[in-house]
Amino acid sequence: MSRILVIEDEPDIQTLLRYNLQREGHDVVIAGTGSDGLHEVRRQPFDLILLDLMLPDRDGIEVCRILRTSKGMSSIPIIMVTAKGDESEIVLGLGIGADDYVTKPFRIKELLARVKVRLSRNREDEIEAEKQRIQIDDLVIDPVRHRVTIGGEPSELTLTEFKLLQFLASHPGIAYTRYDILEHVGDGDSVVTDRTIDVHVRNLRSKIKPYDACIETVRGIGYRFDERRRT
Ligand code: CA
């Protein structure tokens, strides 16, 4: 069973969606305005959001943008429900991170099918993320989402810093030369050279306290990840 938030102001559509989504076994919460919708998302976790773009208080695009840029909400799948022919809105919505759309008037079967696809994709992502996740105490490295959290708080790493941490942490105890590291974190990007590895390490350390000392400098060789050095 999934928990679905429907942000929609038209009573008939609210009823239609509630009835059909519940019949599919989902838990449904209805919000009649954009502000109520955002309020619900902050209050409880959802697996999916159906978002009408024409709302009485603020438009759905703005709601979508807020969802996509807010901590903890940015990965909830969003399916936009738009008026037919509103292509510029669809393009805009997909551009700021909505996952899919249906146009009104929609066939309920099509909408349910899209919901199903999105939820199962979400579950696959979740399983894959779980498999690849590296966790050291409360430091979590999520290679699927390219995200690092420490005690649940996200660390803002650059792509190179992320790859560097992922590479070293997934081979704990092994000392790598700068050249080895470069081979794994550089993607043909000329900006990353063996000397700049030191700069990336320094920047990375400053962002992953109290795990900074886990990235140990090995004299004459390079670097090694040692989780016991957590301060
Ligand atoms: Ca509407």
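Small disclaimer: the values here were computed from a predicted structure and weren't measured.

**Examining the overall build of the chain**
At step 1: Along the backbone of the chain there are eight helices and 12 strands.
At step 2: Against the compact-globule benchmark of 17 Å for 231 residues, the chain has a radius of gyration of 22 Å, which places it well outside the compact range.
At step 3: Its C-alpha atoms give the chain principal-axis dimensions of about 70 × 35 × 30 Å.
At step 4: Considering the chain as a whole, with its 231 residues, one finds that 43% of them fall into the buried category.
At step 5: Here the chain has roughly 12,600 Å² of accessible surface; of this, 48% comes from carbon and sulfur atoms.
At step 6: Side chains of the chain carry 34 positive and 40 negative charges; the gap between the two charge centres is 3 Å.

**Considerations on the coordination of the calcium ion**
At step 1: With distances of 2.1 to 2.3 Å, the protein atoms coordinating the calcium ion are Asp 9 (OD), Asp 52 (OD) and Met 54 (O).
At step 2: Each donor residue of the calcium ion lies on one chain, and together they are spaced D-x42-D-x1-M.
At step 3: Owing to a relative accessible area of 2%, Asp 52 belongs among the buried residues under this scheme.

What counts, and at which threshold
- Residues numbered from 1 in each chain as written.
- Predicted model: local features only at pLDDT ≥ 70, side-chain atom pairs only at ≥ 80, totals over all residues.
- Heavy atoms only, no water.
- Helix = DSSP H or I, 4+ residues; strand = E, 2+ residues; numbered from the N terminus.
- Rg over C-alpha atoms; globule rule 2.2 N^0.38 Å.
- Buried < 20%, exposed > 50% of the residue type's maximum accessible area, 1.4 Å probe, protein only.
- Areas by Shrake-Rupley, 256 points an atom, 1.4 Å probe, with all protein chains shown as cover.
- Lys, Arg positive; Asp, Glu negative; His and termini not counted.
- Charge placed at Lys NZ, Arg CZ, Asp CG, Glu CD.
- Donors = N, O, S within 2.8 Å, 3.2 Å for Na, K, Ca; no water.

Geometric descriptors of this kind do not, in isolation, establish any biological role.
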